[in-house]
Amino acid sequence: MVPAHDNRSRSLLAQLDTQPRVRDFLARAVETQRTSHAYLFLGAPGSGKLDAAWALAQALICEQGGCGACEACVRVARRTHPDVRYLAPESATGYLIAQVRDLIEEVSLAPVRAHGKVYIIDRADQLRASSANALLKTLEEPPANVTFILLGTSADTILPTIVSRCQCVPFRLISPEAAAQAVTRATGLPLERCRMAVAVAGSPGRATEFLKSASRQEARRAMLRAIDSLAHADEADVLSHAKAITLAVKAPLAEVKSTQEAILKRDEEYLSRGALKQIEERNKRELTARERSGIMEVLACARSLLRDALVRVEGISSEPVNADVEDIVGRLASEMASFVSAVHALEAVEAAERAVSRNVTPQLAFEVMLFDIRKALTCPS
């Protein structure tokens, strides 16, 4: 096996420069072939846990320990490898027991393309007692060449029986500025643009991906245009903007779906009917997860824009996150009646996030949010 650190210029693992201790720990484990069958990555949101999970998955799936250049590495980097599965809670209250049962059944199946399989389980603190207990035996004794990577904020919020079966890896808190600097190093783009990307995407890895996606950046612009127009928008305008944002969020999914269909068509003659069904179901879940991620990104755009306006209203000297649209920030600040108006507008964004987490239709969540922001901007406090 080629040592992981020999390929640092291209591998996902090499790009974890905001978490050097984690990067080096995982690289050594891969190089010496002493990786655990189950990891629990622990840290605050934005600390790069999911980036690290995909990086480790790439190193485990690649025959060379994560070269960053082979077909397997490229597929993992694009989140399209059939033997790396990402799971997130499908219910507002956490993981469904059916999700975990499906996972357990799938674990016993042979890999589709690689020599092993990796399961990334996000928000492991939402594994409730029933679903966690169903997973325990599989987590303790998984089939050979199957690795679980669980993500959580704190071991205190996860069942002790789950924690005891995993190797815990702590992630330090990263400041937004340090994250932006990491994205600048990775992309060569100006620091102010990378600050914006981190605010939208949440971590250096996701921010780097965001800056490479024209359609995701267009979704951001759709949200900014909508908020910029609210002070003078009528009801029809608000509804039109909500629809435009919804369509913009869905736009990046077309490329993902096309890639999924191409891969499935190419491999279908080698796969059993059961394996085909399994991949089709996984592809549907991936599209749902990506749409949810896109929704949260545009809501993060709204939050960062309103916070920039609030900072302007309060006269605080600070670098704006949305430096590329300072004209919009200035207009918003001038339209805000007071600090209270800004807070009410930010509360509307938080309410939209809660609505989406409860599976409210995205367009409806956007409509309600935009109407509430308009009210905050136009009504005296």
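Here the structure is shown first, and the text comes after it.
Residues numbered from 1 in each chain as written. Predicted model: local features only at pLDDT ≥ 70, side-chain atom pairs only at ≥ 80, totals over all residues. Heavy atoms only, no water.

Considering the environment of Ala178
Then step 1. Within the element layout of this structure, Ala178 appears in helix 7 (residues 176–187).
Then step 2. Each C-alpha atom, one on Ala178 and one on Pro204, is 9.1 Å from the other, the two residues being 26 residues apart in sequence. (Helix = DSSP H or I, 4+ residues; strand = E, 2+ residues; numbered from the N terminus.)

Describing the packing of aromatic side chains
Then step 1. Under the counting rule described, the total for this entry stands at three aromatic pairs.
Then step 2. With a centroid separation of 6.1 Å and an interplanar angle of 55 degrees, the aromatic rings of Tyr39 and Phe41 are classed as tilted.
Then step 3. Owing to a relative accessible area of 0%, Phe41 belongs among the buried residues under this scheme.
Then step 4. Between Phe41 and Phe171 the ring centres are 5.2 Å apart and the planes differ by 45 degrees, which places this aromatic pair in the tilted class. (Phe/Tyr/Trp six-rings, centres within 6.5 Å; stacked < 30°, edge-to-face > 60°. Buried < 20%, exposed > 50% of the residue type's maximum accessible area, 1.4 Å probe, protein only.)

Some details on unusual backbone geometry
Then step 1. For Arg79, which is not glycine, the phi dihedral falls at a positive 65 degrees.
Then step 2. Checked against the element boundaries, Arg79 lands in the loop between helix 3 (71–77) and strand 2 (84–87).
Then step 3. For Arg79, a relative accessible area of 18% puts it in the buried group.
Then step 4. In this model, Asn359 sits at a positive phi of 70 degrees, which is unusual for a non-glycine residue.
Then step 5. When you line up the elements, Asn359 lands in the loop between helix 14 (339–357) and helix 15 (362–378).

A short note on the nonpolar core
Then step 1. Core analysis: the largest hydrophobic core is formed by 55 residues, its most contacted members being Met223 and Ile373.
Then step 2. The leading source of residues in this core is helix 12 (residues 273–314), at nine residues.
Then step 3. Those residues in contact with Met223 that lie beyond four places of it in its chain are Ile245, Val298, Leu299, Cys301, Ala302, Phe366 and Met369.
Then step 4. Counting residues in each nonpolar core, the second largest holds 30 residues, with Val22, Leu56, Leu60 and Val169 among its members. (Core = buried A, V, L, I, M, F, W, Y, C linked by side-chain atoms within 4.5 Å. Contact = heavy atoms within 4.5 Å.)

Thoughts on the pattern of salt bridges
Then step 1. In the structure shown here, the tally under the stated rule is 20 salt bridges.
Then step 2. Here Asp24 ties to Arg23 by a salt bridge, and the two come within 3.0 Å at their closest N and O atoms.
Then step 3. For Asp24, a relative accessible area of 25% translates into the label partly exposed.
Then step 4. You can call Arg23 buried: its relative accessible area is 14%.
Then step 5. In this structure, Arg75 engages Glu71 in a salt bridge whose closest nitrogen and oxygen atoms are separated by 3.2 Å. Highlighted residues: Arg75 and Glu71, both in helix 3, separated by four residues, approximately one helical turn.
Then step 6. Overall, the relative accessible area of 7% leaves Arg75 in the buried class.
Then step 7. The exposure class assigned to Glu71 is partly exposed, which follows from its relative accessible area of 43%. (Salt bridge = Lys/Arg side-chain N within 4 Å of Asp/Glu carboxyl O.)

Considerations on helix 13 (residues 326–335)
Then step 1. Among the residues of helix 13, Ile328, Val329, Leu332, Ala333 and Glu335 are the ones counted as buried. For helix 13, the angular spread of buried residues about the axis comes to 165 degrees, placing them on one side.
Then step 2. Where helix 13 is buried, its residues touch helix 10 (214–229), helix 12 and helix 15. (Arc of directions from axis to C-beta.)

With respect to the environment of Ser338
Then step 1. Among the secondary structure elements, Ser338 is positioned in the loop between helix 13 and helix 14.
Then step 2. On the basis of relative accessible area, Ser338 is assigned to the partly exposed category, the value being 21%.
Then step 3. C-alpha separation for the pair Ser338 and Glu281, spaced 57 residues apart in sequence, amounts to 49 Å.

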